[in-house]
Amino acid sequence: MILDFLKELQVSQLECLDDSNGWLSNFLFKFLVIGNAGTGKSCLLHQFIEKRFKDDSNHTIGVEFGSKIISVVNKFVKLQIWDTAGQERFRSVTRSYYRGAAGALLVYDITSRETYNALTNWLTDARMLASQNIVIILCGNKKDLDADREVTFLEASRFAQENELMFLETSALTGENVEEAFVQCARKILNKIESGELDPERMGSGIQYGDAALRQLRSPRRAQAESVQECGC
Ligand SMILES: Nc1nc2c(ncn2[C@@H]2O[C@H](COP(=O)(O)OP(=O)(O)OP(=O)(O)O)[C@@H](O)[C@H]2O)c(=O)[nH]1
């Protein structure tokens, strides 16, 4: 695990040093994955990072963490992703991780109306506890189980439109639209930075860039301590 981290660290540093696109490069975005238990949040994260389905997924206890560097509109962006437990009993712990998130995947299960009905509560929490400007993509997961569908594409896309969310149906099982969900969310954040709508320097923006990101990557112990502090755990 430490070796993996160091390997990733080297890649990040190389990318940072090699990049000559100016200040708007090598960002670090804090992301959340939220939604009811059993909707497939951990499987989505696993599919995104490992490119395969995690077929032995158990309920998340509290919060799990993953990270990946992606290339978006010629920029390298490191996504620091917090996969939160959907079970109610962990709610007070998971809420403490929302602060300063720049983006979120809000997940429901297309075969469970109950998970869809809970979206408004998740949305309220995200906007209240993370940031009013948080960029959210709604993911209707388990697209591969179309025969058992309880939520239509149309009603979910209307909900997304009314609540200013992006929307995709995904399958952590087949991998369909999984990478796209993370990339589209990151792209929207980049667009907002470029248009001046989002200020990465604002406290709690969930965004770091340039040498700040590089400094943090150079000191894994400090970075770890900082995330623990930031998360209030
Ligand atoms: N068919 C199908 N099953 C899925 C998909 N994604 C997840 N699952 C299954 O759904 C169940 C729950 O998946 P998890 O990823 O553990 O769900 P979670 O949202 O992280 O649950 P909590 O950690 O309790 O919040 C597991 O049995 C997965 O195998 C999918 O895209 N298609």
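Look a little higher up for the structure.
Our subject in this report is the structure included herewith. (Residues numbered from 1 in each chain as written. Predicted model: local features only at pLDDT ≥ 70, side-chain atom pairs only at ≥ 80, totals over all residues.)

1. Considering the overall build of the protein
Broken down by element type, the protein carries 9 helices and 7 strands. Sorting the 233 residues of the protein into buried and exposed places 40% on the buried side. A separation threshold of at least 6 residues defines the contact pool for the protein, and within that pool the share at least 24 residues apart is 74%. (Helix = DSSP H or I, 4+ residues; strand = E, 2+ residues; numbered from the N terminus. Buried ≥ 20, exposed ≤ 12 C-beta atoms within 10 Å, placed from the backbone. Contact = placed C-beta atoms within 7 Å.)

2. Considerations on the packing of helix α2 (residues 41–50) against helix α7 (residues 178–194)
Across the interface, α2 lies against α7 with an axial gap of 9 Å and an inter-helix angle of 90°. With respect to α7, the axis of α2 lies roughly perpendicular. Between α2 and α7, the contacting residues are L44, Q47 and F48 on the first element and V178, E179 and F182 on the second. Tallied by class, the residues present in the contact of α2 with α7 amount to 4 nonpolar, 1 polar and 1 charged. (Axes fitted to C-alpha atoms, helices over the stretch in contact; angles between N-to-C directions. Parallel < 35°, antiparallel > 145°, perpendicular 65-115°, else oblique. Nonpolar A, V, L, I, M, F, W, Y, C, P; charged D, E, K, R; others polar.)

3. Brief notes about the site of the ligand
As a matter of local geometry, the ligand sits amid 21 residues, with A37, G40, S57, T60 and G86 nearest to it. Sorting elements by how many residues they give to the shell around the ligand places α2 first, with 3 residues. Here the residues of the shell around the ligand sort into 6 nonpolar, 11 polar and 4 charged. (Near = placed C-beta within 6 Å.)

4. Overview of unusual backbone geometry
Residues apart from glycine generally show negative phi values, whereas peptide bonds are mostly found in trans. The phi dihedral of N74 falls on the positive side, at around 65°, and the residue is not glycine. Relative to the elements of secondary structure, N74 occurs in the loop between β2 (63–72) and β3 (75–84). Classification of N74 as exposed rests on a count of 10 C-beta atoms within 10 Å. Phi at E164 takes a positive value of approximately 55°, unusual for a residue other than glycine. Mapped onto the elements of the fold, E164 is located in the loop between α6 (153–162) and β6 (166–169).

5. What about the pairing of strand β4 (residues 103–109)?
For β4, the tally of buried residues reaches 7 of 7 residues, placing the bulk of the element in the interior. Alternating residues of β4 divide into G103, L105, V107 and D109 and A104, L106 and Y108, and every residue in both groups is buried. Looking at chain direction, strand β1 (residues 27–35) and β4 are connected through 5 bridges and run parallel. Within the sheet, the bridge partner assigned to V33 lies in β4 and is L105. (Pairing = 2+ DSSP bridges.)

6. Digging into the pairing of β2
When a strand is regular, its side chains alternate between the sheet's two faces. With 10 bridges joining them, β2 and β3 adopt antiparallel strand pairing. Within β3, the position partnered with G66 by the bridge is I81. Between the antiparallel neighbours β2 and β3 lie 2 residues, among them V73 with a positive phi of about 35°.

7. Examining the environment of N58
Locating N58 in the fold gives a position in the loop between α2 and β2. Between the C-alpha atom of N58 and that of T124, which follows or precedes it by 66 residues, the distance is 26 Å.

8. Some remarks on α7
In a regular helix each residue adds 1.5 Å, so 17 residues correspond to 24 Å; α7 covers 25 Å between its end C-alpha atoms and thus fits that length. Looking one or two residues past α7, G196 carries a phi angle of roughly 85°, positive in sign. (Expected span 1.5 Å × (residues − 1).)

Note that every value here comes from positions in space, so none of it alone points to a role or purpose.
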